[in-house]
Number of protein chains: 2
Amino acid sequence: MARKRENTTVAVAAAASGYVMKAAAEAVRLGIAKMILVGDAARMQEIATADGLDLAVFEIVDEPDNYAACRKAVSLVVEGKATALMKGDVDTSSIMRAALDRENGMRDGKKLSHIAAFEPPHYHKLLFVSDCAINIAPDNDTKIEIIENCVNALHHIGIDVPKVALLAAKEVVDEKMPITATWAGLVTLHNSSDRMNGCIVDGPFALDNAVSKEACEIKGINSPVGGDADILIVPDIEAGNILYKSLSFLTKAKNGGVVVGAKRPIILTSRADTAESKLISIALSVLF
Amino acid sequence: MARKRENTTVAVAAAASGYVMKAAAEAVRLGIAKMILVGDAARMQEIATADGLDLAVFEIVDEPDNYAACRKAVSLVVEGKATALMKGDVDTSSIMRAALDRENGMRDGKKLSHIAAFEPPHYHKLLFVSDCAINIAPDNDTKIEIIENCVNALHHIGIDVPKVALLAAKEVVDEKMPITATWAGLVTLHNSSDRMNGCIVDGPFALDNAVSKEACEIKGINSPVGGDADILIVPDIEAGNILYKSLSFLTKAKNGGVVVGAKRPIILTSRADTAESKLISIALSVLF
């Protein structure tokens, strides 16, 4: 799907790193996006020679200073020369500082949130999880924006009415588990307002009820979202990050992730991600 | 290992249910434990006839009333006639009320906690997770008891010095993520007191660092627990339950679970658990 999108270009900040350049070369080779590598050009040449990469497939912008490279990559996005921003070999806080700069950054009046995409071996479709990486303990308004950001992203990949499951430890409101009441309240708001449009939101769900029709039948749960969720919304960053790492490290589900909510998607891959995961993240940024 | 334990007997409360009786029959057949089925004997006979089960392999105690059956099964444990308690077709609150009765129950002066055991396809050994089911938002003292209960249980299966990873969303203390500081504090307490004995406790860890040596190397983490954890301690019931359901429903890892901290283990299987999971839980109760 990503290969069919036209005029897609990713600007990589501080790109002088073997694993970043390999992912970028693969994205170009597959026709997913053009890649502009912003960073230390001499160092990139050394890496290309050592790793057998052809620099000619990229556009190179020489900027040896890491923070200046972040600012330059952001400006390429703001000017419309790139359609997504990608972190290279620089810490997350530097690139986010450049991306969120009030004058020259990519802010779009919305909260940022992270969307992770998985292809779990025992599920019948892609599963998106948010937010596993950016918002620590989101308040209700932020929870709504996390949902809206994710629904909006899925609209861009042809999932017109995503099914959104609000995850807790239980599928009913329990007065000793505050998040269960919060989720029930957001479902009421979804049903009675124009917040969280273009999707079906339901919950609270325990994870099994969100992904297993059989588990729903046993519990007597009758919801269009039950057993068929596209999106899992987690209560907080701990639950989200643990789910993310469980699916990627203990399940080895194919996965990628993108930050949305700014003018354009931001790819925050890290060295610990596999090459495949980096490539999937680039593809997601093109699609979203 | 469970088959080698002698004089093991599980008392099942409200046992008149096909799935419970099948798991019990399998435990007897494999020589894991003797099973005392407390419940409606006439109904059990009907189920045995319908499902082709031989009631003669069980000891049957006729008690048609569910709560009375719970009390009777608990009394069998308290009197030493059974070495574990198992929930049959009765709600969790009823059996726990009987088990925790101050006069006739199984209290042992400790907090109860749930231990889940997994055999994840992409991990080199068993992985135990606590607490995914009982303690909702444990305070620090309860967190310590959760760790001690789990370490004590693992000592009973020959894991003499379990490696305990305290899970958060990050592997360093972050002032915006309170659980990371809490875990660092408990590690200090572990190193400087006699709390959490007989184990190695470290953290905070993100899940990848707890289960992947490679992820540790990339992050520069040098800990004996890193990449080799036996026990994962989760921040709260949401993170725990989501991890539990992810491993059992999206990863299909073999799993079982037991409640510890009372005089004897308590098995709280539900209809949604697989037959294999129920059998593993019985085996764990015998071992713990």
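About the criteria used
Residues numbered from 1 in each chain as written. Chains lettered and ligands numbered in written order. Predicted model: local features only at pLDDT ≥ 70, side-chain atom pairs only at ≥ 80, totals over all residues. Heavy atoms only, no water. Helix = DSSP H or I, 4+ residues; strand = E, 2+ residues; numbered from the N terminus. Rg over C-alpha atoms; globule rule 2.2 N^0.38 Å. Buried < 20%, exposed > 50% of the residue type's maximum accessible area, 1.4 Å probe, protein only. Areas by Shrake-Rupley, 256 points an atom, 1.4 Å probe, with all protein chains shown as cover. 1 Å grid on protein atoms, 1.4 Å probe; cavity = no way out; pocket = protein on both sides within 12 Å on 5 of 7 lines; lining within 4 Å. Points joined across faces, edges and corners; volume = space filled by probe spheres on them. Nonpolar A, V, L, I, M, F, W, Y, C, P; charged D, E, K, R; others polar. Expected span 1.5 Å × (residues − 1). Axes fitted to C-alpha atoms, helices over the stretch in contact; angles between N-to-C directions. Parallel < 35°, antiparallel > 145°, perpendicular 65-115°, else oblique. Left-handed = near helix turned anticlockwise from the far one by under 90°. Contact = heavy atoms within 4.5 Å. Salt bridge = Lys/Arg side-chain N within 4 Å of Asp/Glu carboxyl O. Least-squares fit on C-alpha atoms with pLDDT ≥ 70 in both. Pairing = 2+ DSSP bridges. Right-handed = clockwise from strand over helix to strand, strands pointing away. Buried area = accessible area lost by both parts, 1.4 Å probe. Polar contact = N/O pair within 3.5 Å; in protein donor to acceptor, adjacent residues only side chain to side chain. Phe/Tyr/Trp six-rings, centres within 6.5 Å; stacked < 30°, edge-to-face > 60°. Lys NZ or Arg CZ within 6 Å of the ring centre and 35° of its normal.

A. Spatial organisation of the overall build of chain A. Scanning chain A for helices and strands turns up ten helices and eleven strands. Over its C-alpha trace chain A gives a radius of gyration of 20 Å, about what one expects of a compact globule, namely 19 Å for 288 residues. If one aligns the C-alpha atoms of chain A with their principal axes, the spans along those axes are about 60 × 40 × 30 Å. By the burial criterion, 58% of the 288 residues in chain A qualify as buried. Within the structure as shown, chain A displays about 11,700 Å² of accessible surface, and the carbon and sulfur contribution to it stands at 47%.

B. Inspection of empty space enclosed by the protein at higher detail. Scanning all chains against the criterion turns up one cavity of 30 Å³ or more. Considering only enclosed or pocket space, the largest cavity measures out at about 30 Å³ in volume. Class assignment for the residues of the lining of the largest cavity results in six nonpolar, two polar and two charged.

C. Summary view of helix α5 (residues 140-155) of chain B. Spanning 16 residues, α5(B) covers 23 Å between terminal C-alpha atoms, matching the ideal 22 Å at 1.5 Å per step. Residues of α5(B) that are buried include every one of B:T142, B:K143, B:I144, B:E145, B:I146, B:I147, B:N149, B:C150, B:V151, B:A153 and B:L154, and no others.

D. Quick look at the packing of helix α3 (residues 66-78) of chain B against helix α4 (residues 92-99) of chain B. All names here are of chain B. In the contact formed by α3 and α4, the axes pass within 9 Å of each other and the chain directions differ by 40°. Judged by the angle between their axes, α3 and α4 are oblique. Like other packed secondary-structure pairs, α3 and α4 cross with a definite hand, here right-handed. For the pair α3 and α4, the contacting residues are Y67, C70, R71 and V74 in the first and S94, I95, R97, A98 and A99 in the second. Per-class residue counts for the contact of α3 with α4 are six nonpolar, one polar and two charged.

E. Broad picture of the pattern of salt bridges. Going through the model one piece at a time under the given rule, you end up with 30 salt bridges over all chains. Between B:E46 and B:R43 there is a salt bridge, with the nearest N and O atoms lying 2.8 Å from each other. In this pair, B:E46 and B:R43 are both assigned in helix α2 (residues 41-51), three residues apart and thus about one turn of the helix distant. Accessibility expressed as a relative area gives 40% for B:R43, which makes it partly exposed. A salt bridge links B:D228 to B:K125; its shortest N-O distance comes to 3.0 Å. Placement of the pair is B:D228 in the loop between α8 (213-219) and β9 (231-233) and B:K125 in the loop between β5 (113-119) and β6 (127-130), with a sequence separation of 103 residues. Looking at B:D228, the relative accessible area reads 16%, which means it is buried. One connected set of salt bridges, linked through shared partners, spans A:K111, A:D141, A:E145, A:E148 and A:R195.

F. View of the packing of helix α1 (residues 18-29) of chain B against helix α10 (residues 275-287) of chain B. Residues and elements named next belong to chain B. Closest axis-to-axis distance for the α1/α10 pair is 9 Å, and the angle between their directions is 55°. With respect to α10, the axis of α1 lies oblique. When the axes of α1 and α10 are compared, the crossing they make is right-handed. Taken together, the residues of α10 that come into contact with α1 (itself represented by Y19, A23, E26 and A27) are K278, L279 and I282. Looking at the contact of α1 with α10 residue by residue, the class counts come to five nonpolar, no polar and two charged.

G. Examining the relation of the copies chain B and chain A more closely. Each copy superposes on the other: chain B lies on chain A with an RMSD of 0.0 Å after a rotation of 180° and an axial shift of 0.0 Å. Between the two chains, the operation in question is that of a two-fold axis. Relative to the rotation axis, the closest C-alpha in chain B is found at B:A239, a distance of 2.0 Å. When the interface residues of chain B are mapped onto chain A, 100% of them are again interface residues, pointing to one common binding face.

H. Summary view of the pairing of strand β1 (residues 9-13) of chain B. All names here are of chain B. Extensive coverage of β1 is indicated by the burial of five of its five residues. The pairing of β1 with strand β2 (residues 34-39) spans five bridges and is parallel. Residue pairing in the sheet places V10 in a bridge with M35 of β2. The parallel pair β1 and β2, bridged by α1, forms a crossover whose chirality is right-handed. Bridge count for β1 against strand β4 (residues 84-87) is four bridges, and the pairing is parallel. Each bridged residue has a counterpart across the sheet, and for A11 the counterpart in β4 is L85.

I. Structural context of the environment of B:K213. All names here are of chain B. Examined against the element boundaries, K213 turns out to sit in helix α8. The class of K213 is partly exposed, set by a relative accessible area of 45%. Between the alpha carbons of K213 and P224 there is a distance of 10.0 Å; along the sequence they are eleven residues apart. Excluding residues within four positions of it along the chain, K213 makes contact with G226, G227 and D228.

J. Seen up close, the interface of chain B and chain A. The interface is formed by 36 residues belonging to chain B together with 36 residues belonging to chain A. Summed over both partners, the interface of chain B with chain A comes to about 3,200 Å²; 75% of that surface belongs to carbon and sulfur atoms. Area buried by chain B at its contact with chain A is led by B:H122, B:I242 and B:L250, which between them contribute 22% of it. Inspection of the chain B/chain A interface yields two salt bridges. The residue A:K245 makes a salt bridge to B:D208 at a minimum N-O spacing of 3.2 Å. Scanning the region where chain B abuts chain A turns up four residue pairs in polar contact (both at pLDDT 80 or more). Of all elements in the fold, only α7 (207-211), α8 and α9 (237-250) of chain B reach the threshold of two or more residues within the side of chain B that touches chain A.

K. The packing of aromatic side chains, seen in detail. This structure, assessed with the given rule, holds three aromatic pairs over all chains. With a centroid separation of 5.5 Å and 75° between ring planes, the pair formed by A:F118 and A:Y244 is classed as edge-to-face. Placement of the pair is A:F118 in strand β5 (residues 113-119) and A:Y244 in helix α9 (residues 237-250), with a sequence separation of 126 residues. Summarising the burial analysis for this pair, A:F118 and A:Y244 share the class buried. Across from the ring centre of B:Y67, 4.3 Å away, lies the NZ or CZ of B:R97, which sits over that ring.

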